[in-house]
Amino acid sequence: MNFEHETLVAFSKSWGLFYLIGMAIVVVVYTFWPGNKKKFDHAKRAVLRKEDRP
Amino acid sequence: MAGSLTGEERRTCLLILGVLALCALGIAVPGRWDPIGVHGLMVVLLCAGAAGYLLLRLNVPEPSPEELSGYYDAPIKVGVGLTMAWAIFGMFVGVWVAAQLAWPDLTFHQAWSSFGRLRPAHTTGVIFGFGGNALITTSYHVVQRTSRAPLADRVSPWFVLFGFNLFCLLAVTGYAMGLTQSKEYAEPEWYADIWLVIVWVTYFVLFLRTLARRKEPHIYVANWYYLAFIVVVAILHIVNNLAVPITLASAKSYTVWPGVQDAMVQWWYGHNAVAFFLTAGFLAMMYYYLPKRADRPIFSYRLSILSFWGITFFYMWAGSHHLHYTALPHWVQTLGMSFSVMLLVPSWASAGNALMTMRGAWHKLRDDATLRFMVVAAVFYGLSTFEGSFMAIRAVNSLSHYTDWTVGHVHAGALGWVALITFGSLYTLVPSVWKRQSMYSNALVELHFWLALSGTLIYIFAMWNSGVIQGLMWRTYTENNALAYSFVDSLVAMYPYYIARTVGGFLFLLGAIVGSINIWLTVRRSPASQAAPGVYDRPHDLDPTPNAAE
Amino acid sequence: MPEFFHRKIERTAIGFVVAIIAAASVGGIVEIAPLFTIDETVENVADMRLYTPLELAGRNVYIQEGCYACHSQMIRTLADEVDRYGPFSLAVESQYDHPMLWGSKRTGPDLARIGGKYSDVWHAAHLNNPRDVVPQSNMPAYSWLARTPLEVDNLGHHLAAQRAVGVPYTDEMIANAARDALGQATPDSDAAFSILDRYGEETQVSAFDGVATSVTQLDALIAYLQVLGQMTDAAYLDTAASELPPDAEDRDVTQAEEERN
């Protein structure tokens, strides 16, 4: 590995944070996307249905 | 067991056993002067035993077409038995080592029974033996039900289940012979680690193939947690266990990581084993069995998604809080501390989600001890994640680290969260899989609950006290700026708490024994379920409350 | 767009797996990657010793008996720890440790600088039955160590494996590993002199368990315990501990350390 230690540390300290923010935005958009509501409601109730056979 | 497999599948099993036995022989012969030879021989004998069992049953009738198209529950039934067997073994060793700290001569002057060798047998027995079997068993159950599809094939579930138990067996017998890598919660030596990788990849493929066959459009959130558990544990296991054996005929190996890197890799592994082994997988249980038992949907599905990604993302950063004030660079410690505190958000979101699911149905807890197991588990989950974030703060950690406080914290999670959610899930699963009306005795479930709860409370209060006293004694100065207490002074102060802890652990063990007996009686004695499908796993004495709130 | 992306991820569980790996692995990569270049920042210590074959074997006995479950080898940068155990541990001191044995629990005291604090005789008696010398101790008795001969024939393989993971053992050290192990525990033998050439004048040659005619696991373990904290003087060169007022509110001496740098 030919990276300078300082470069790696700087990269870790900054890009890790940007990654976190980007990731959070994608997850929140997905979770609250109006089109997904029906699917989630279905999944939420589906576990309670009978389950004797596939 | 054999009766649930077709003739061809039985022959496939024999082939796998043959190949495994040959590999084991390849280790046993060159390693005959080394403990690795004992393990090779052990595997050869186990394979021979399993092959003999199958050969004697080659003529047992094959399963009917109707059985073949249904859910495949036979491995689940065996998995429940293995889970409870490891629970009793692991907890018994736990009580024993706890007692050794108060009465050190309980080693009886044998090498295999000294604290340093028994302690990993306890941690492996409960984390991997009990916890791991519970995870594999319930994941087989949950993935089939939520996907409305049977397991993708009928041989690999057995391979995964028995292969994993073989790993646990190699681990525990290895410790008795003095084989250990000294990496906490990753003690087994290189050949056992390679074997676990093979088993784990099979598990991963089985799980993905089953999900791909699903009839539901969406993958239920419980399966997300199981999947994260399988995937991330594989990554952690491989990275932490990279090692060079001294020869291929020897069990001993040296890790490739030196000093500081090794410490960081080890605690990155150690902490994430807590996250993805002891949290993600058990949250999967909570998201399926709690709504099922309470007969109400989870409070907020969206919240469960947010907390899933929060936990998956944040946990990986938190490991370095195990190394505060050490030779690890300061910025890495600070990162670990910050993310540990942020972790509280998704953790409490999960615990809150579970508790809010019970809103309007709290009265069910009065009569249904199974449901109470799971709800109390969610409370302990909330408490121990709060405690964990708190202890990750550098100033707090300077007091708590190296003391019994950490041990108490771990057991608040392990007993209060992991074990209680497992027992609650098993009491829901067992009547369902064996098609019984309910558990054999509700009174025994009730007894188990109170034994487990009182054992946990005694244990963690004892350890909180001893840990804080220890930490304070170590840092107390006299007026003359000299240390006030010698190390032995602090040890002497611990004895009462070590005895109390042993009592708490013993009560918890007693509860697990009661639970095992109850499960055994349910399988043997309980009347078969007469009720309409889907209702059998609900206790009959409870009124079915309509879901008004939803 | 994100919605389309996520639908796709969900339909194929494989995509979902990739998402999990992407979310989970970044924390580990970001934190651990810079540690591989950390040796650029750690000053090279000229006097850093290697474990002799006997000490390495003793380290393996320490591992085999699970000593790390109750004893740490990591003195933190806290004033009370420095007062109790000695200068705080430096990264360079575990440079050649595969694996590290920092530990996580102190049921017994820290051992990072135990070397030289007690005599060989004390260690032998203590390991045989700790309550003979410390009546209140709850440490197990390791009486079988004195009766178990040390396996020395494969020590060359041990050293070779250590070299494969980065510890600079020479061919000569590997070839003479078994002889050196016997020599270190047998004072006044020929082998005892050649080990000083290979591992330095600081190497302690002793009968360790008091019996010079045989080499046991107890010899190896005591040899290892006696070098803990003695591998380099780096930690003693400038320690800040005594310069801090003992009643300082924050007993963290890291800051003092940073200022010095």
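Residues numbered from 1 in each chain as written. Chains lettered and ligands numbered in written order. Predicted model: local features only at pLDDT ≥ 70, side-chain atom pairs only at ≥ 80, totals over all residues. Heavy atoms only, no water.

Novice: Quick question: what am I supposed to make of the overall build of chain C here?
Specialist: When helices and strands are tallied, chain C shows 12 helices and 0 strands. Secondary structure of chain C in N-to-C order comes out as α-α-α-α-α-α-α-α-α-α-α-α. When each of the 261 residues of chain C is scored for burial, the buried share is 62%. The contacts in chain C between residues at least 6 apart in sequence include a share of 67% that link residues at least 24 apart. A total of about 10,700 Å² of accessible surface is found on chain C, and carbon and sulfur atoms cover 54% of it. (Helix = DSSP H or I, 4+ residues; strand = E, 2+ residues; numbered from the N terminus. Buried < 20%, exposed > 50% of the residue type's maximum accessible area, 1.4 Å probe, protein only. Contact = heavy atoms within 4.5 Å. Areas by Shrake-Rupley, 256 points an atom, 1.4 Å probe, with all protein chains shown as cover.)

Novice: Explanation requested: the pattern of salt bridges in the structure shown.
Specialist: A side chain of one charge can pair with a side chain of the opposite charge if their charged atoms are brought near each other. Residues and elements named next belong to chain B. In the structure shown here, the tally under the stated rule is 23 salt bridges over all chains. Taking the shortest distance from any N to any O, the salt bridge between E9 and R154 comes out at 3.9 Å. Of this pair, E9 sits in helix α1 (residues 7-28) while R154 sits in the loop between α5 (115-147) and α6 (156-176); the two residues are 145 residues apart in sequence, bridging distant segments of the chain. The pair formed by E9 and R154 is uniform in burial state, with each residue classed as buried. Across the pair R145 and D73 runs a salt bridge, and its minimum N-O distance is 2.9 Å. Of the two residues, R145 is situated in helix α5 and D73 in the loop between α3 (65-69) and α4 (74-102); the sequence distance between them amounts to 72 residues. Among the residues examined, R145 registers a relative accessible area of 3% and is labelled buried. Residue classification places D73 among the buried positions, given a relative accessible area of 10%. (Salt bridge = Lys/Arg side-chain N within 4 Å of Asp/Glu carboxyl O.)

Novice: Just checking my understanding: could you explain empty space enclosed by the protein for this structure?
Specialist: It is a probe the size of a water molecule, rolled over the atoms, that shows where empty space is left. All names here are of chain C. Counted by the stated rule, this structure contains 11 cavities of 30 Å³ or more. Considering only enclosed or pocket space, the second largest cavity measures out at about 210 Å³ in volume. Lining the second largest cavity are 16 residues, with Q73, E93, S94, D97 and A112 positioned closest to its centre. Residue composition of the lining of the second largest cavity, grouped by class: 8 nonpolar, 5 polar and 3 charged. (1 Å grid on protein atoms, 1.4 Å probe; cavity = no way out; pocket = protein on both sides within 12 Å on 5 of 7 lines; lining within 4 Å. Points joined across faces, edges and corners; volume = space filled by probe spheres on them. Nonpolar A, V, L, I, M, F, W, Y, C, P; charged D, E, K, R; others polar.)

Novice: Whenever I open this one, the interface of chain B and chain A confuses me. Can you help?
Specialist: The accessible area lost on association of the parts is a frequent measure of interface size. Counting residues at the interface gives 43 residues for chain B, matched by 29 residues for chain A. Summing the contributions of chain B and of chain A, the shared interface buries around 3,200 Å²; its carbon and sulfur component is 65%. On the chain B side of the contact with chain A, R148, R302 and W331 of chain B bury the most area, a combined 21% of that side's loss. The tally of links from chain B across to chain A stands at 1 salt bridge. R49 of chain A is the partner of E216 of chain B in a salt bridge, and the nearest nitrogen-oxygen pair spans 3.3 Å. Taken together, chain B and chain A are joined by 7 residue pairs in polar contact (both at pLDDT 80 or more). (Buried area = accessible area lost by both parts, 1.4 Å probe. Polar contact = N/O pair within 3.5 Å; in protein donor to acceptor, adjacent residues only side chain to side chain.)

Novice: I'm lost on the nonpolar core in this one. Help?
Specialist: Nonpolar side chains tend to gather and get buried jointly when the protein is soluble and globular. Membership of the largest hydrophobic core comes to 208 residues, with the highest contact counts inside it found for F229, F277, W309 and F423 of chain B. Top element by residues in this core is helix α9 (residues 259-294) of chain B. It accounts for 23 residues. By size, the runner-up hydrophobic cluster in this structure holds 50 residues, among which are V61, L145, L155 and L221 of chain C. (Core = buried A, V, L, I, M, F, W, Y, C linked by side-chain atoms within 4.5 Å.)

Novice: Honestly, a nonpolar patch on the surface in this entry has me stumped. Any pointers?
Specialist: On the surface, F11, W15, L17, F18, I21 and I25 of chain A cluster together to form a nonpolar patch covering roughly 640 Å² of accessible area. Look at W15 of chain A and you get partly exposed, because its relative accessible area is 48%. (Patch = residues over 30% accessible without salt bridge, like charges linked within 9 Å, V, L, I, M, F, W, Y side chains within 5 Å.)

Novice: Can you walk me through the interface of chain B and chain C in this structure?
Specialist: Contact residues are listed per partner, giving 93 residues for chain B and 82 residues for chain C. For the pair chain B and chain C, the summed buried area comes to about 7,500 Å², and 67% of that belongs to carbon and sulfur atoms. It is Y254, Y325 and Y402 of chain B in chain B that bury the most area against chain C; as a group they hold 11% of the surface buried on that side. Linking chain B with chain C are 3 salt bridges. In this structure, R131 of chain C and D105 of chain B form a salt bridge, with 3.6 Å as the shortest nitrogen-oxygen distance. The interface formed by chain B and chain C holds 25 residue pairs in polar contact (both at pLDDT 80 or more) in total. The element that contributes the greatest number of residues to the side of chain B that touches chain C is α9 of chain B, accounting for 10 residues.

Novice: Could you clarify how one ought to interpret the packing of α4 of chain B against α6 of chain B in this entry?
Specialist: A pair of packed helices is captured by two measures, namely the crossing angle of their axes and the spacing between those axes. All names here are of chain B. Where α4 meets α6, the axes come as close as 10 Å, and the angle between the chain directions of the two elements is 15°. Classified by the angle between their axes, α4 and α6 sit roughly parallel to one another. Note that α4 runs across α6; the crossing there is left-handed. Contact residues: A74, P75, V78, G79, L82, W86 and F89 in α4; P157, W158, L161, F162, N165, C168, L169 and V172 in α6. Among the residues forming the contact of α4 with α6, the class breakdown is 13 nonpolar, 2 polar and no charged. (Axes fitted to C-alpha atoms, helices over the stretch in contact; angles between N-to-C directions. Parallel < 35°, antiparallel > 145°, perpendicular 65-115°, else oblique. Left-handed = near helix turned anticlockwise from the far one by under 90°.)

Novice: Where do I start with the environment of F508 of chain B in this structure?
Specialist: Along the polypeptide, F508 of chain B turns up in helix α18 (residues 487-525). Sequence-wise, F508 of chain B and Q261 of chain B are 247 residues apart; in three dimensions their C-alpha atoms are separated by 38 Å.

Novice: Even after reading the chapter, I still don't get unusual backbone geometry, so can you show me in this structure?
Specialist: Keep in mind that most residues, glycine aside, have a negative phi and that most peptide bonds are trans. Cis geometry is adopted by the peptide bond preceding P99 of chain C, which originates at H98 of chain C and carries an omega value of -10°. Residue position: P99 of chain C is located in the loop between α4 (79-85) and α5 (120-128). Within the chain, H109 of chain B stands out as a residue other than glycine whose phi angle is a positive 60°. As for its placement among the helices and strands, H109 of chain B is situated in the loop between α4 and α5. Judged by relative accessible area, H109 of chain B falls into the partly exposed class, the value being 42%.

Novice: How should I be thinking about the packing of helix α2 (residues 37-46) of chain A against helix α10 (residues 301-314) of chain B in this particular structure?
Specialist: Between α2 of chain A and α10 of chain B, whose axes approach to 9 Å, the crossing angle comes to 95°. Relative to α10 of chain B, α2 of chain A is oriented roughly perpendicular. The segment α2 of chain A lies against α10 of chain B, with K37, F40, A43 and K44 of chain A engaging Y301, R302 and I305 of chain B.

Novice: Is there a simple way to explain helix α11 (residues 330-342) of chain B in this structure?
Specialist: Count 3.6 residues to each turn of an α-helix, and residues three or four apart come out pointing the same way. Along its 13 residues, α11 of chain B runs 19 Å from first to last C-alpha, staying within 8% of the 18 Å computed at 1.5 Å per residue. Those residues of α11 of chain B not exposed but buried are W331, V332, Q333, L335, G336, F339 and S340 of chain B. (Expected span 1.5 Å × (residues − 1).)

Novice: Would you explain the side chain of Q181 of chain B in this entry?
Specialist: On the secondary structure map, Q181 of chain B appears in the loop between α6 and α7 (190-212). Residue Q181 of chain B is classed as buried on the basis of its relative accessible area of 7%.

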